[in-house]
Structures are given as C-alpha cells and as structure tokens.
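Breakdown of the fold
Here is what each chain is made of, one letter per residue.
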Amino acid sequence: AQSVTQLGSHVSVSEGALVLLRCNYSSSVPPYLFWYVQYPNQGLQLLLKYTSAATLVKGINGFEAEFKKSETSFHLTKPSAHMSDAAEYFCAVSAHPSGNTGKLIFGQGTTLQVKP
Amino acid sequence: GAVVSQHPSWVICKSGTSVKIECRSLDFQATTMFWYRQFPKQSLMLMATSNEGSKATYEQGVEKDKFLINHASLTLSTLTVTSAHPEDSSFYICSARPKAGGAYEQYFGPGTRLTVT
C-alpha cells in the first residue's frame, strides 16, 4: 500500500534562507507524487507534481522537488524563503496509479515558519 | 480558471441536526469529486469519492449513512452530515477532477468549517 511520511511537523527558517521540506514515500508501484500548500482556513493549492517524467520538478513560487527512487524521497526545496511562504505543506502520493482512480494519500503536513 | 467553491465556508449547528455542504466547480465540469476531512493541525483524510450520476465510494471506516454524498451534476456535489455530533466538528474540504483532465489533476475548494455544539 502507498504511504507518505513527512519528516518534521514544523520547520522554521529565516527570510532568504534555503527551504527544505522532507518527504519519503512508500509505494509498490511507480508513484505519482505531489506537493500542496495550504494557507490558513483555505483549501490546497498544487505546488508541483511528479508523474514519471523528469526527476527534477519545478513548480510555482520558486519551489522545486527532486524524485529520488533510491532514497524513496521527494523533498521540496526553495533557494530563498519569503515571508509569504509561511504555510502548511503537504506531500501526497497517488493511491493507485495503475488504477487511475485519482485518489491521493497525504502526509501529516509540515508547518513552515519564516522569520524576518 | 479551475475554481472550486464550497458553501457555506463555516457553519455552526446543534447536536442532532443535519447540515449540507455544497461543492461546486465554477468553470469546468467535474466527473469526480473527492471529500476530505481535516482535523486541526492534521492531514487530510479522504472520506469518499463521488462520481456524477452514481453512488459515492466511501473509504473504510466512514459511515455512509452519516455522511451522505450526492453528485447530482457535473458541477455540484453535496455532503450532508446527518444527526451531527460534536465529534463531527471538523474542516471539510472537497476537490474536483476535471472531465477533460488527467487522472490526478484535481482542484481543491476552500473548505467548510463545521462546528457542532
């Protein structure tokens, strides 16, 4: 069964510093992987997704993530944090990529705090 | 484009009453809509998948008689929490999968905060 683990429920960085949010997955089949951002009392917005094409995926707002099969990881990075990046970030894995159901399994979430 | 709305954005109801939450895709047709539940500071838990014109598929452990889902059209799905109790208080989020989109393309609504007193 597919699962995803986000290491660190809370990450704090200074404005301008590197952002690194960790995500490890478990999947019995080649996965599709996603990063979403959630601002307070709002729904989720897709940052980027990996669907078996290029392993380095670039997303919106300067974020990118690299799929590493050997490490079963899909960590999210941004070279320079901005105050507006403060939010909750969720990593997700496709539940049944071969079944094409569209169902996603979400990680526990990581709260990113950006200090001025 | 690809906007999903939810109504109401927040609702308070008394224990024992029912409440309906609407999820609408405003500028696209959605063959599939997903309903999630999110507890404070926790992740999203998929409750059910609804396909237009057919019965919803509920995840294990979700009471289908308590959480009634109706996907009446390609732009509207509703979640009705019947005989609500305080433990049903949560943030409910829907997402919609476009008819012409990829399998994992889905857009999320802003969520509905339900408080049962």
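Residues numbered from 1 in each chain as written. Chains lettered and ligands numbered in written order. Predicted model: local features only at pLDDT ≥ 70, side-chain atom pairs only at ≥ 80, totals over all residues. Heavy atoms only, no water.

1. Here's the deal with the overall build of chain A
- Across its full length, chain A holds 0 helices and 11 strands.
- Taken from the N to the C terminus, the helices and strands of chain A come in the order β-β-β-β-β-β-β-β-β-β-β.
- For chain A, whose C-alpha radius of gyration is 14 Å, the value lies close to the compact-globule estimate of 13 Å for 116 residues.
- Its C-alpha atoms give chain A principal-axis dimensions of about 45 × 30 × 20 Å.
- Counting over 116 residues, chain A shows a buried share of 44%.
- Considering only residue pairs separated by 6 or more positions, chain A has 56% of its internal contacts joining residues 24 or more positions apart.
- Accessible surface computed for chain A: about 5,400 Å², of which carbon and sulfur atoms make up 53%.
- The centroid of the 8 positive side-chain charges in chain A is displaced by 7 Å from the centroid of its 6 negative side-chain charges. (Helix = DSSP H or I, 4+ residues; strand = E, 2+ residues; numbered from the N terminus. Rg over C-alpha atoms; globule rule 2.2 N^0.38 Å. Buried < 20%, exposed > 50% of the residue type's maximum accessible area, 1.4 Å probe, protein only. Contact = heavy atoms within 4.5 Å. Areas by Shrake-Rupley, 256 points an atom, 1.4 Å probe, with all protein chains shown as cover. Lys, Arg positive; Asp, Glu negative; His and termini not counted. Charge placed at Lys NZ, Arg CZ, Asp CG, Glu CD.)

2. A look at the sheet that holds strand E8 (residues 76-81) of chain B
Residue and element names in this part refer to chain B.
- A sheet is described by the order of its strands in space; here 4 strands give the open sequence E1-E3-E8-E7, paired in antiparallel fashion. Every other strand in the sheet has two partners, leaving strand E1 (4-7) and strand E7 (67-73) as the edge strands with one partner each. The sheet shows a mean angle of 15 degrees between the axes of neighbouring strands, taken without regard to direction.
- Pairing analysis gives 4 bridges linking E1 to strand E3 (residues 19-25), with the strands arranged antiparallel. (Pairing = 2+ DSSP bridges. Axes fitted to C-alpha atoms, helices over the stretch in contact; angles between N-to-C directions.)

3. Details of the sheet that holds strand E3 (residues 19-26) of chain A
All names here are of chain A.
- Within the open sheet, the 5 strands sit side by side as E1-E3-E8-E7-E6. Their pairing is antiparallel. Since the sheet does not close on itself, it has two edges, and those belong to strand E1 (3-7) and strand E6 (56-58), each with one partner. Adjacent strand axes in the sheet meet at a mean angle of 20 degrees when their direction is disregarded.
- Taken together, the 5 bridges between E1 and E3 define a ladder with antiparallel strand orientation. Paired with Leu7 across the strands is Arg22, a residue of E3.

4. Here we look at the pairing of strand E11 (residues 110-115) of chain A
Residue and element names in this part refer to chain A.
- Of the two faces of E11, the one holding Thr110, Leu112 and Val114 is buried and the one holding Thr111, Gln113 and Lys115 is not buried anywhere.
- Where strand E2 (residues 10-14) meets E11, 5 bridges bridge the pair, whose relative direction is parallel. Each residue of the ladder has a partner; that of His10, found in E11, is Thr111.
- Looking at chain direction, strand E9 (residues 87-94) and E11 are connected through 3 bridges and run antiparallel. Looking across to E11, one finds that Tyr89 is bridged to Thr110.

5. A look at the interface of chain B and chain A
- Listed per partner, the contact involves 19 residues of chain B and 21 residues of chain A.
- Between chain B and chain A, a total of about 1,600 Å² is buried, with carbon and sulfur atoms accounting for 54% of that surface.
- Considering only the side of chain B, the residues that lose the most area to chain A are Ser43(B), Tyr104(B) and Phe108(B), jointly responsible for 40% of the buried surface there.
- Where chain B touches chain A, the interface holds 4 residue pairs in polar contact (both at pLDDT 80 or more).
- Classifying every residue of the side of chain B that touches chain A by side-chain character gives 10 nonpolar, 6 polar and 3 charged. (Buried area = accessible area lost by both parts, 1.4 Å probe. Polar contact = N/O pair within 3.5 Å; in protein donor to acceptor, adjacent residues only side chain to side chain. Nonpolar A, V, L, I, M, F, W, Y, C, P; charged D, E, K, R; others polar.)

6. Let's talk about the layout of surface pockets
- Here the largest pocket defines a volume of roughly 350 Å³.
- What lines the largest pocket is a set of 16 residues, among which Gln38(A), Pro40(A), Asn41(A), Glu88(A) and Lys41(B) lie closest to the centre.
- Looking at the lining of the largest pocket element by element, the count peaks at 3 residues for E9(A).
- When its residues are assigned to classes, the lining of the largest pocket shows 7 nonpolar, 6 polar and 3 charged. (1 Å grid on protein atoms, 1.4 Å probe; cavity = no way out; pocket = protein on both sides within 12 Å on 5 of 7 lines; lining within 4 Å. Points joined across faces, edges and corners; volume = space filled by probe spheres on them.)

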